[in-house]
Each structure stands twice: as structure tokens, then as C-alpha cells.
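Summary of the model geometry
Each chain, letter by letter, is given below.
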Amino acid sequence: MKDAVLESKKAIVSAIQEKMTNSQSTVVVEYRGLTVADVTELRRALRAENVGFKVYKNKLAQRATEEAGMAELNEYLVGPNAIAFGHEDAVAPARILAEFAKKHEALQIKAGYVEGKFLPKEEVMAVAKLPNRE
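Everything in this summary refers to the structure shown in the same document. (Residues numbered from 1 in each chain as written. Predicted model: local features only at pLDDT ≥ 70, side-chain atom pairs only at ≥ 80, totals over all residues. Heavy atoms only, no water.)

1. Describing the pattern of salt bridges
Oppositely charged side chains can pair when the atoms bearing their charge come close. Counting across every chain of the model gives 6 salt bridges. We note a salt bridge from Lys-10 to Glu-7, for which the minimum N-O separation is 4.0 Å. Of the two residues, Lys-10 and Glu-7 both sit in helix H1 (residues 2-22), 3 residues apart, roughly one turn of that helix. Classification of Lys-10 by relative accessible area gives partly exposed; the value is 49%. For Glu-7, a relative accessible area of 47% translates into the label partly exposed. In this structure, Arg-95 engages Asp-89 in a salt bridge whose closest nitrogen and oxygen atoms are separated by 3.7 Å. Arg-95 gets classed as buried once you look at its relative accessible area, which sits at 12%. For Asp-89, a relative accessible area of 13% corresponds to the buried category. Three or more residues joined by partner-sharing salt bridges are found here, namely Glu-30, Arg-32 and Lys-110. (Salt bridge = Lys/Arg side-chain N within 4 Å of Asp/Glu carboxyl O. Helix = DSSP H or I, 4+ residues; strand = E, 2+ residues; numbered from the N terminus. Buried < 20%, exposed > 50% of the residue type's maximum accessible area, 1.4 Å probe, protein only.)

2. What to know about a positive patch on the surface
Judged by side-chain charge, Lys-9, Lys-57, Lys-59 and Arg-63 come together as a positively charged surface patch. Looking at where Arg-63 falls in the secondary structure, it is placed in helix H3 (residues 58-68). (Patch = residues over 30% accessible without salt bridge, like charges linked within 9 Å, V, L, I, M, F, W, Y side chains within 5 Å. Areas by Shrake-Rupley, 256 points an atom, 1.4 Å probe, with all protein chains shown as cover. Lys, Arg positive; Asp, Glu negative; His and termini not counted. Charge placed at Lys NZ, Arg CZ, Asp CG, Glu CD.)

3. Quick word on unusual backbone geometry
Phi at Asn-50 is positive, roughly 55°, even though this residue is not glycine. Relative to the assigned elements, Asn-50 resides in the loop between helix H2 (36-48) and strand S2 (51-54). In the Ramachandran plot, Glu-115 falls in the positive-phi region, its phi being about 45° despite a non-glycine side chain.

4. What about the nonpolar core?
By size, the foremost hydrophobic cluster in this structure holds 26 residues, and its most contacted members are Val-29, Leu-42, Leu-46, Phe-53, Leu-97, Leu-107 and Ile-109. Broken down by secondary-structure element, the contributors of at least two residues to this core are strand S1 (25-30), H2, S2, strand S3 (81-86), helix H4 (92-103), strand S4 (108-114) and helix H5 (121-128). A per-element tally of this core places H4 first, with 7 residues. Setting aside residues no more than four positions away along its own chain, Leu-46 makes contact with Val-51, Phe-53, Ile-96 and Leu-97. (Core = buried A, V, L, I, M, F, W, Y, C linked by side-chain atoms within 4.5 Å. Contact = heavy atoms within 4.5 Å.)

Laid out in C-alpha cells, this is it:
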């Protein structure tokens, strides 16, 4: 039984790590205080631009960031977090999350990785202001 749980956790860690390494950008946000309707609205906006958005246990996410070479994110992986993964557009997660955060103060952008570079909150906000690649 213990082995099955351990294997499922290892699978989750490797899935998160794979998403992190295959994404153009990864943004960690805290969503404490958002209603279910707010989160649904946010997920819809992110999905429209092919941005993944998932809540993981912090311990598993921290292991994945270490394996992905993004350990700088670990200090931000405390409390109720979600991670957005930009697959096609490196700016999309930051832009959508920043726009959403303007209307919903409960959403807090914490930090991220854009094209392999660690960015603290201020720099993620700066990236959010960049135009799309097109």
C-alpha cells in the first residue's frame, strides 16, 4: 500500500517537473480568498489561451521544481498556491493572471519562470505588460 502511494507521488512530481521544463513560462500564484466562481472564471480565461492551471501539494511541487532546476520557486510554494503553465506564449500566463488580479485582489502573483529565467513578482508583472509574440 505504501509503495503505491509513493509511486503515485513520484508520478505527480515527474508530471509537474515535465510541465515546468516543457512550458515557456511557469507562474506561481496564491488564490486564498477567491470564490469558486472566481477560480472558474480564471481557469476559463487561461484555457482560452492554452495556459494550464493546476493546484498541487506544495511538497510535491517543491520536489518537482528541484528536479526541473527551478528551486528558486520553493520559497514561494507555501500556503494555497496554484501554478500556471504557458505552453505556446511565454507572456500569456503573466498577462492573464495580472489582468485577473486587478479585478480580484485575492489573487496574488508570487513569482515565476519565463523562458528559463527566474522572475520575482515585480518582473512577472513587467512581463505581463509585454505584447503577444504576434
